[in-house]
Amino acid sequence: QVQLVESGGGLVQAGGSLRLSCAASRRGFSMTWFRQAPGKEREFVATINLIGGTSYAASVKGRFTISRDNAKNTMYLQMNSLKPEDTAVYYCAAGGLTSQPKDFSSWGRGTQVTVSS
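Keep in mind that what you see is a predicted model, and the values were worked out from it rather than measured.

Participant: How should the overall build of the protein chain be read in this particular structure?
Facilitator: Summing up its helical and strand segments, the protein chain has zero helices and eleven strands in all. Starting at the N terminus and ending at the C terminus, the protein chain contains elements arranged as β-β-β-β-β-β-β-β-β-β-β. Since a compact globule built from 117 residues should have a radius of gyration of about 13 Å, the 13 Å found for the protein chain is in line with a globular shape. On the principal axes, the C-alpha backbone points of the protein chain span a range of 40 × 30 × 25 Å. Classification of the 117 residues of the protein chain by burial places 43% in the buried group. The long-range fraction of contacts in the protein chain, counting pairs at least 24 apart against all pairs at least 6 apart in sequence, stands at 54%. Of the charged side chains in the protein chain, 13 are positive and 7 negative; the average position of the first set lies 6 Å away from that of the second.

In structure tokens:
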């Protein structure tokens, strides 16, 4: 397993931006962002593989950008044009090859993102 630590969450007004970071204890795997809003299931947000290939959920495509710095073992999520419905706890995950949370063995503790209207 790998240890993951998220940072960068906070409170922002609708239309604003935030940048999340996820620091990993080691390299060598695809990394993925999920989010979970109150009363809802955890959902896929975006993923990036070892060579920089990316995939996004339809709800965030065009607004969020996932990236990684392999030298720093760190993944980022740049979130622009934020909407109140983006409010959730954002989790970093590694070790899975699908968009299903059950397929991931390593998780961070999450960082809260709150978007006010």
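From this point, things continue past the structure.
Participant: What's the story with unusual backbone geometry in this structure? I'm lost.
Facilitator: Across residues other than glycine, the phi torsion is negative in most instances, and most of the peptide bonds are trans. Its identity as a non-glycine residue notwithstanding, N73 has a phi of 55 degrees, on the positive side. Inspection of the secondary structure assignment puts N73 in the loop between β7 (64-69) and β8 (74-79). Look at N73 and you get buried, because its relative accessible area is 17%. Phi angles above zero are rare outside glycine, and S81 is one such case at about 50 degrees.

Participant: How do you make sense of the sheet that holds strand β3 (residues 18-24) when you look at a structure like this?
Facilitator: Strand pairing in a sheet relies on backbone hydrogen bonds, with the paired strands running either antiparallel or parallel. In spatial order, the strands read β1-β3-β8-β7; together these four strands make up an open sheet with antiparallel pairing. Each end of this open sheet is capped by a strand with a single partner; those strands are β1 (4-7) and β7. Averaged over all adjacent pairs, the angle separating strand axes in this sheet is 15 degrees, with direction ignored. Strand direction decides the pairing type here: β7 and β8, joined by six bridges, are antiparallel. Directly across from F64, in β8, lies its bridge partner M79.

The rules we used
- Residues numbered from 1 in each chain as written.
- Predicted model: local features only at pLDDT ≥ 70, side-chain atom pairs only at ≥ 80, totals over all residues.
- Heavy atoms only, no water.
- Helix = DSSP H or I, 4+ residues; strand = E, 2+ residues; numbered from the N terminus.
- Rg over C-alpha atoms; globule rule 2.2 N^0.38 Å.
- Buried < 20%, exposed > 50% of the residue type's maximum accessible area, 1.4 Å probe, protein only.
- Contact = heavy atoms within 4.5 Å.
- Lys, Arg positive; Asp, Glu negative; His and termini not counted.
- Charge placed at Lys NZ, Arg CZ, Asp CG, Glu CD.
- Pairing = 2+ DSSP bridges.
- Axes fitted to C-alpha atoms, helices over the stretch in contact; angles between N-to-C directions.

None of the figures reported here should be taken as evidence of function without further support.
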